[in-house]
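# Residue-level structural notes
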Amino acid sequence: MSYQVLARKWRPRTFHELVGQEHVQRALVNALDQGRLHHAYLFTGTRGVGKTTLARILAKCLNCTEKGDGDEGITSTPCGSCDACQSIDQGRFVDLIEVDAASRTKVEDTRELLDNVQYAPTQGRYKVYLIDEVHMLSTSSFNALLKTLEEPPPHVKFLLATTDPQKLPATVLSRCLQFTLKHMPPERVVGHLSRVLEAEQVPFEESALWLLGKAAAGSMRDAMSLTDQAIAFGQGEVRHADVAAMLGTLDHRHVLELIEALAEVDAQRLLQAVASLAEQGPDFAAVLDDLSAVLHRLAIGQMVPQALDNGHGDREALVALAARFTAEDVQLYYQIGVQGRADMAHAPDLRTALEMTLLRMLAFRPQGVPKPARTPLPMRGESADAAAAPSAANTTPPAAPSHNPAPSQQASPDQAAPQAPAPVPEPMAPVASEPASDAQPQPAAESTVEPPPPWEGGEPEDPSSGAEAPQSAHELATHESAANHPAARETPRPAVDPVASNAAAQSRPQSQSQPRADSPQPTMEVSAPVDPGSAEREVTATPGEMQVEGNVPGDDEAALNESVEKAGPQSVEDSSSDDVAESGPVMTSEAAAPAVSGALDHGTWLAGFDQLGLSGLTRNLAAHCIVAEDDGRRILLHLDPSQAAMNAEVHVTRIRNALEAAGYPRRLEVEVIEPDGRVETPRQMFDRLAAERHAAAVEALKRDPHILQLQQIFGARLIESTVTPVEAESGS
């Protein structure tokens with residue numbers, strides 16, 4: 001008996017033997033089982049996907065006589081043993097009329113065909129017309145077919161097949177039940193070829209079947225034909241090397257060598273690999289196509305490793321290679337490869353085009369590191385989070401710069417040991433007027449990190465102990481004369497809330513909560529009841545320096561309202577002064593001289609600036625002033641000459657009224673004079689605090705494990721100018 005090719009020998013004879021096309025199989029089986037049959041079916045799809053095979057199986061289902069000769073004998077599982085089934089399989093069934101429309105395109109052929117439609121079937125239950133490549137019919141043939149196709153006799157079924165349904169008239173398409181058959185994926189082709197070769201007892205290599213499946217381009221018939229050719233080429237065996245030589249495809253190892261050179265960013269190795277390829281005389285365009293295909297698989301391996309196919313038996317190698325590229329590089333290389341493939345037609349020769357495309361990949365690769373960082377796989381999913389966790393855990397925060405020490409490097413108030421009394425610190429230089437020096441610490445912002453200790457450059461002092469230096473030489477002289485006066489030493493302390501005092505004492509270190517016996521300087525202390533839901537505010541003023549404990553109000557209106565609500569009136573006991581105000585935040589002096597009782601110093605001016613309720617240009621003018629003198633009858637403010645244009649009587653009046661409402665009914669004078677550079681204005685204080693909050697926010701982001709992971713994987717860079725603290729407060 002003559003040899004029968006695999007494509008014909010293994011053609012499916014029932015729906016259950018059909019490989020793929022489950023959507024068509026399900027629709028036809030259900031229609032046959034329920035008896036809901038259409039008079040015309042149109043099967044479309046590329047060559048070799050089973051259009052004619054489906055039509056023949058359907059013809060057997062319509063004419064199988066195993067269950068009877070009537071309509072009840074129609075079945076979705078033809079027996080294959082009755083006369084009708086065997087005749088259809090052998091191609092000699094009288095009532096199955098197969099027409100090749102490509103060879104019978106004339107209208108006369110169509111009319112001759114339709115003349116016999118009216119006659120009843122001779123052998124079977126239905127007369128079936130199978131018209132293949134129906135799109136080749138002429139327009140006249142379609143017009144002649146339309147009426148019969150729409151209303152055929154009850155014993156006639158039309159089965160049409162075409163690879164180009166776009167060429168069919170809409171009038172024909174509307175009269176048919178259309179089924180579109182899909183391409184065969186390589187996985188399904190390889191699976192079917194494996195079963196066929198095992199049944200045929202032909203030795204094979206799976207990698208060779210993947211080459212055949214890819215070369216078939218979605219056609220199962222082409223795959224079977226190529227398998228026949230491979231068996232003959234390999235003398236009864238299907239081997240990878242033989243199939244590659246038969247198909248003329250490139251050895252996949254050469255493509256992987258090019259990928260290795262790209263991973264190592266080695267241009268010399270890349271050119272050597274191309275020279276080695278040139279000795280085999282390959283199709284350089286196909287080489288670039290294979291390279292782009294591998295880059296596509298690398299991208300899949302990075303994102304979804306389990307979806308990476310093993311088409312060439314190289315899955316493990318590709319997963320390892322995927323970890324050596326960044327995702328950006330893979331995408332860039334793929335785009336350059338696709339564009340280079342389109343430019344090959346304009347290149348002097350194909351090898352030059354390939355070399356220039358590969359060199360372009362390295363030339364346009366993002367610079368910054370000599371070799372790509374390894375990418376943890378997969379890039380998304382639980383395994384990626386698990387891989388990132390140990391990396392974040394083992395990462396140590398970067399050391400803080402010398403001019404901006406981190407809060408963790410400063411002594412905690414709870415750990416501070418008692419120290420010897422330190423001298424009064426020098427007045428602090430303003431931050432806003434000149435850059436901060438390396439020796440000046442910048443505490444972290446309270447909204448992002450732990451607040452620093454409330455002192456700078458010396459031992460902490462208790463705000464309630466009176467350890468504070470006066471603001472001017474006049475006050476210093478008055479203080480020295482009053483410190484030894486018995487009445488001054490016997491002045492009782494102002495009444496405070498015991499709950500607030502206890503909370504403040506517990507929140508301060510032991511060395512800070514005890515009075516300093518060697519510091520008899522008068523202290524301007526602001527004390528207010530403590531809100532259980534907020535931090536305690538205590539402010540102690542020294543010459544040109546503000547020492548802050550708790551939250552310091554900024555220029556934000558919310559902070560202003562909060563500080564005003566928390567400040568309450570307090571009683572002041574002073575036997576030698578009649579000018580003490582009885583409303584607003586009262587400034588008490590524990591050992592002040594009678595002439596300057598309740599005087600406004602610059603530390604109090606800074607601490608209570610937001611409580612004055614100033615706004616607009618008036619606030620801006622006051623923010624550039626420092627308190628030069630307060631003798632109980634007159635307050636003298638020094639204004640920065642750069643703001644002299646704003647000095648108007650209306651603003652001075654508003655500032656005087658605000659001070660009077662705060663408990664300082666004085667005559668106010670504003671003198672334009674260069675202020676002491678060692679003393680901060682409110683504007684400079686706000687700028688300094690804003691800079692400290694920004695620096696602390698930047699430092700917190702630099703230590704964030706997620707930011708560190710982005711920098712390690714993608715080479716990310718933190719743009720510090722765009723960082724905004726969560727509770728940033730705008731200055732005036």
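Moving on, we come to the confidence of the model for the chain. Counting all residues, the mean pLDDT for the chain is 73, and 67% of those residues have values of 70 or more. Contacts from residues 381-597, a stretch scored under 50 in pLDDT, to residues over four places away or in other chains number 322 contacts. Contacts from residues 728-732, a stretch scored under 50 in pLDDT, to residues over four places away or in other chains number 19 contacts.

Now for the nonpolar core. With 35 residues, the main nonpolar core has L258, I259 and L298 as its most contacted residues. At the level of elements, α12 (252-264), α13 (267-278), α14 (284-303), α15 (315-322), α16 (327-343) and α17 (350-363) are the ones that each hand at least two residues to this core. For this core, the element with the highest residue contribution is α14, accounting for 9 residues. In terms of nonpolar packing, the next biggest core, distinct from the first, is built from 30 residues, V49, A55, A84 and L96 among them.

The phi angle at Q235 is positive, at roughly 55 degrees, despite the residue not being glycine. Relative to the elements of secondary structure, Q235 occurs in the loop between α10 (220-233) and α11 (240-247). Given the relative accessible area of 75%, Q235 is considered exposed. Residues other than glycine seldom take positive phi values, yet V265 does so here, at roughly 55 degrees. Assignment of secondary structure puts V265 in the loop between α12 and α13. V265 sits in the partly exposed class, given a relative accessible area of 26%.

It is at 11 Å that the axes of helix α8 (residues 186-200) and α10 come closest, and there the two elements cross at 45 degrees. With respect to α10, the element α8 is oriented oblique. Considering only the axes of α8 and α10, their crossing is right-handed. Residue-level contacts link R188, V189, H192, L193, V196 and L197 of α8 to M220, A223, M224, T227 and I231 of α10.

Our next topic: the sheet that holds strand β12 (residues 667-672). Through backbone hydrogen bonds, the strands of a sheet pair up, either in parallel or in antiparallel fashion. What the 3 strands build is an open sheet, ordered β10-β11-β12; its pairing is mixed. The open sheet has two free edges, formed respectively by β10 (625-630) and β12, since each of these has just one partner strand. Averaged over all neighbouring strand pairs, the angle between strand axes comes to 25 degrees, with direction disregarded. The pairing of strand β11 (residues 634-639) with β12 spans 6 bridges and is classified as parallel. Within β12, the position partnered with I635 by the bridge is L668. On top of the sheet, helix α26 (residues 649-661) reaches β11 and β12; it is set at about 135 degrees to β12, its chief contact.

If you walk through the whole model with that rule in mind, you get 0 disulfides. For the unlinked cysteine C64, the closest cysteine sulfur is that of C79, found at 3.5 Å. We note that C85 lacks a disulfide partner, and the nearest cysteine sulfur, in C82, lies 3.3 Å from it.

This part takes up the pattern of salt bridges. Pairing is possible between side chains of opposite charge, provided their charged atoms come close. Following the criterion strictly, the structure yields 26 salt bridges and no others. Its salt-bridge partner being D164, residue K167 comes within 3.6 Å of it at the nearest N-O pair. Assessed through its relative accessible area of 53%, K167 is described here as exposed. A salt bridge links E692 to R688; its shortest N-O distance comes to 3.2 Å. Of this pair, E692 and R688 are both found in helix α27 (residues 682-703), 4 residues apart, which corresponds to roughly one turn of the helix. The exposure class of R688 is buried, given its relative accessible area of 4%.

We describe a pair of aromatic rings using the distance from one ring centre to the other and the angle between the two ring planes. Applying the stated criterion across every chain yields a total of 6 aromatic pairs. When the ring of W605 is compared with that of F609, the centres are 5.5 Å apart and the planes differ by 75 degrees; the resulting orientation is edge-to-face. Through a chain of ring-to-ring contacts, the aromatic side chains of Y41, F43 and F179 assemble into a single cluster.

This brings us to the environment of V128. When you line up the elements, V128 lands in strand β3 (residues 127-132). Classification of V128 as buried rests on a relative accessible area of 1%. For the pair V128 and H155, spaced 27 residues apart in sequence, the C-alpha to C-alpha distance is 8.5 Å. With near-sequence residues (within four places) excluded, V128 lies in contact with A59, L62, N63, D95, L96, I97, K157 and L159.

Attention now moves to the side chain of H651. Along the polypeptide, H651 turns up in helix α26. Residue contacts for H651: discarding those within four places in its chain leaves L617, T618, L621 and M646.

Let us now look at the environment of V29. Inspection of the secondary structure assignment puts V29 in helix α2 (residues 22-34). Separated by 48 residues in the primary sequence, V29 and T77 have C-alpha atoms spaced 8.5 Å apart. Those residues in contact with V29 that sit more than four places away from it in its chain are F15 and S76.

Taking 1.5 Å as the rise per residue, helix α6 (residues 139-150) with 12 residues should run 16 Å; its terminal C-alpha atoms sit 17 Å apart, in good agreement. Regarding α6, the residues found buried are S141, F142, L145, L146 and L149. Angularly, the buried residues of α6 cover 150 degrees about the axis, an arc narrow enough to put them on a single face. Residues of α6 that are exposed and angled more than 90 degrees away from the buried face: N143 and K147. Close packing links the buried residues of α6 with β1 (40-44), α5 (107-115), β4 (156-162) and α7 (170-173).

Moving on to the packing of α13 against α17. Between α13 and α17, the shortest axis-to-axis distance is 11 Å and the interhelical angle comes to 160 degrees. What the angle tells us is that α13 and α17 run roughly antiparallel. Taken as a pair, α13 and α17 cross one another with a handedness that is right-handed. Here α13 contributes A267, L270, L271, V274, A275 and A278 to the contact with α17, which in turn contributes R351, L354, E355, L358, L359 and L362.

Basis of the calculations
Residues numbered from 1 in each chain as written. Predicted model: local features only at pLDDT ≥ 70, side-chain atom pairs only at ≥ 80, totals over all residues. Heavy atoms only, no water. pLDDT = per-residue confidence, 0-100. Contact = heavy atoms within 4.5 Å. Core = buried A, V, L, I, M, F, W, Y, C linked by side-chain atoms within 4.5 Å. Buried < 20%, exposed > 50% of the residue type's maximum accessible area, 1.4 Å probe, protein only. Helix = DSSP H or I, 4+ residues; strand = E, 2+ residues; numbered from the N terminus. Axes fitted to C-alpha atoms, helices over the stretch in contact; angles between N-to-C directions. Parallel < 35°, antiparallel > 145°, perpendicular 65-115°, else oblique. Left-handed = near helix turned anticlockwise from the far one by under 90°. Pairing = 2+ DSSP bridges. Disulfide = S-S within 2.5 Å. Salt bridge = Lys/Arg side-chain N within 4 Å of Asp/Glu carboxyl O. Phe/Tyr/Trp six-rings, centres within 6.5 Å; stacked < 30°, edge-to-face > 60°. Expected span 1.5 Å × (residues − 1). Arc of directions from axis to C-beta.

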